[in-house]
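Chains, contacts and geometry: an overview
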Amino acid sequence: MINKKFLFSLSLATLTAIQGFSWGQKGHDTVAFIAESHLTETTKQAIDSILNGKSIVYYSNWLDNASHTPEYAYTKTWHYKNIDPDETFENAPLLDTGDVVRAINEQAAILNDPNSTADKALALKILVHLVGDIHQPMHMGRRNDRGGNSVRLKFFNSNTNLHSIWDTRVLESGHNWTYTEWKNQIDRATPEETAIILADGTPEKWGKECYLIASEIYDKTPADSNLSYDYVSEWTPVIETQLLRGGLRLADLLNSIYDPYYKGANLIVKK
Ligand SMILES: [Zn+2]
């Protein structure tokens, strides 16, 4: 389950060149739908009340639109963390405006603090989205190419870039499924697999794991490549794993926040 130290040691920090903003809508919907189906009854009721009956899937992609509006422009850099080749995940410089790791910690702290007067619905909508983003490898991409946005290549002969294909096109080429079909097909982890995915989870560890995947993607995707079937078949399993990890970890985080009786082992496995 989620690292309790992470949850309870969170401090409520002061809240204060746009990249591609995230998994496409389908990736975010899939993560949120997997999470929703692993919530305990107590967690579901709490979320129902915060979101006025709307589901976390309904809001999974809300932040990608909101970040483009003046009201929420302060969240623009919250979707990613960049690490250049001469840096490590740990020593990469932090943006004053925040990154995805810090933003997840901050929003979880707001939700976890019964005395917080911050807007809980807003924090929840942001959190649901960012737990998806921190599992998209190109959101742990390099600063010097804007998370892969400047790495030009072809995908089935059409001009695009590395970030863009990882937001949507590899996923959509791998399976032409709806988000419910994605969930039904990939949300099949055994209890042992689930335990590994949830072990000692913190946003820092999720980000580091995703950064290592990003490093491998960079190695195997040179600029000006013309990618096609073999690329889709090589990386589709990684996308499946990342969406499943995101969904289970989001459920674990929300259950840990909202259900005092949740002990990780309660994670409901619905097939
Ligand atoms: Zn995003």
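Our structure is the block above this text.
Nothing here was measured: the structure is a model prediction, and the numbers come from that model.

**Remarks on the overall build of the protein**
On a plain count of helices and strands, the protein comes out with 11 helices and 3 strands. Ordering the α and β elements of the protein from the N terminus gives α-α-α-α-α-α-β-β-α-α-α-α-β-α. Burial analysis of the protein (271 residues in total) assigns 46% to the buried set.

**A look at the sheet that holds strand β1 (residues 152-155)**
One open sheet accounts for 3 strands, arranged β2-β1-β3; its pairing is mixed. Strands with a single pairing partner mark the edges of an open sheet, and in this sheet they are β2 (158-161) and β3 (226-227). Bridge count for β1 against β2 is 4 bridges, and the pairing is antiparallel. In the strand pairing of β2, Phe155 is matched with Ser158.

**Comments concerning unusual backbone geometry**
Unlike most non-glycine residues, Asn157 shows phi in positive territory, near 70°. In this structure, Asn157 sits in the loop between β1 and β2. At Asp224, a residue that is not glycine, the phi angle is positive and equals roughly 70°. Among the structural elements, Asp224 can be located in the loop between α10 (203-220) and β3.

**Let's talk about the environment of Val128**
Examined against the element boundaries, Val128 turns out to sit in helix α6 (residues 120-133). Along the chain, Val128 and Leu250 lie 122 residues apart, while their C-alpha atoms are 7.1 Å from each other. Setting aside residues up to four positions removed in sequence, Val128 forms contacts with Ala32, Ile56, Tyr59, Ser60 and Leu250.

**A look at the packing of helix α2 (residues 25-36) against helix α11 (residues 229-258)**
The description of two packed helices rests on the angle between their axes and on the distance between the axes. Where α2 meets α11, the closest approach of the two axes is 7 Å, and the angle between their N-to-C directions is 45°. With respect to their mutual orientation, α2 and α11 come out oblique. In terms of crossing hand, the pair formed by α2 and α11 is right-handed. The residues of α11 that touch α2, namely those facing Gly27, Thr30, Val31, Ile34 and Ala35, are Leu243, Leu244, Gly246, Gly247, Leu248, Leu250, Ala251 and Leu254. By residue class, the composition of the contact of α2 with α11 is 9 nonpolar, 4 polar and no charged.

**Here's the deal with the nonpolar core**
Ranked by size, the top nonpolar core spans 65 residues in total, and within it Ala35, Ile104, Leu127, Leu130, Val131 and Leu254 carry the most contacts. With 13 residues, the single largest contributor to this core is α11. Residues contacting Leu127, with those up to four places away along its chain left out, are Ile104, Gln107, Ala108 and Leu111.

**Looking at helix α7 (residues 162-174)**
At Thr168, α7 shows its maximal kink, close to 40°. Taken together, the buried positions of α7 are Leu162, His163, Ile165, Trp166, Asp167, Val170 and Leu171. Those residues of α7 that are buried are in contact with α2, β1, β2 and α11.

**Points about the packing of helix α9 (residues 191-198) against α11**
Interaxial distance between α9 and α11 falls to 10 Å at its minimum, and their mutual angle equals 75°. Judged by the inter-axis angle, α9 sits roughly perpendicular to α11. Of the residues in α11, those touching α9 at Thr194, Ile197 and Leu198 are Arg245, Leu248, Arg249 and Asp252. Looking at side-chain class alone, the contact of α9 with α11 contains 3 nonpolar, 1 polar and 3 charged residues.

**Notes on the environment of Leu250**
Looking at the element boundaries, Leu250 is found in helix α11. Through-space distance from the C-alpha of Leu250 to that of Gly132 is 8.3 Å; in sequence the pair is 118 residues apart. With sequence-adjacent residues up to four places away left out, Leu250 is seen in contact with Val31, Ala35, Val128 and Val131.

**Observations concerning the pairing of β1**
Only one face of β1 is buried, namely the one carrying Leu153 and Phe155, since none of Arg152 and Lys154 on the opposite face is buried. Sheet analysis places β1 next to β3, joined by 2 bridges and oriented parallel. Looking across to β3, one finds that Phe155 is bridged to Leu227.

Parameters and conventions
- Per chain, the residues get numbers from 1 upward, laid out in the order the sequence is written.
- Thresholds applied to this predicted model are a pLDDT of at least 70 for local features of residues and 80 or more for the giving and counting of side-chain atom pairs; totals over whole chains, interfaces and linings are not thresholded and use all residues.
- Here a helix means four or more residues in a row that DSSP labels H or I, a strand means two or more in a row labelled E, and each is numbered from the N terminus.
- Three exposure classes are used, based on other C-beta atoms lying within 10 Å of a residue's own C-beta, which is placed from the backbone: buried for 20 or more, exposed for 12 or fewer, and partly exposed in between.
- In this description, strands pair whenever DSSP reports at least two bridges between them.
- We call two residues in contact whenever the C-beta atoms placed from their backbones are within 7 Å.
- Comment: axis = line fitted to C-alpha atoms, over the contacting stretch for helices; angle = value between 0 and 180 degrees taken between N-to-C directions.
- For this classification, under 35 degrees means roughly parallel, over 145 means roughly antiparallel, 65 to 115 means roughly perpendicular, and everything else is oblique.
- Definitions for this section: a left-handed crossing has its near helix turned counterclockwise from the far helix by less than a right angle. A right-handed crossing has that turn clockwise.
- Asp, Glu, Lys and Arg are counted as charged, while Ala, Val, Leu, Ile, Met, Phe, Trp, Tyr, Cys and Pro are counted as nonpolar; the rest, among them Gly, fall into the polar class.
- The term nonpolar core refers to a set of buried Ala, Val, Leu, Ile, Met, Phe, Trp, Tyr and Cys residues connected through C-beta atoms within 7 Å.
- Two axes define the bend at a residue: one fitted to the seven residues ending there, one fitted to the seven starting there, and the bend is the angle between them.

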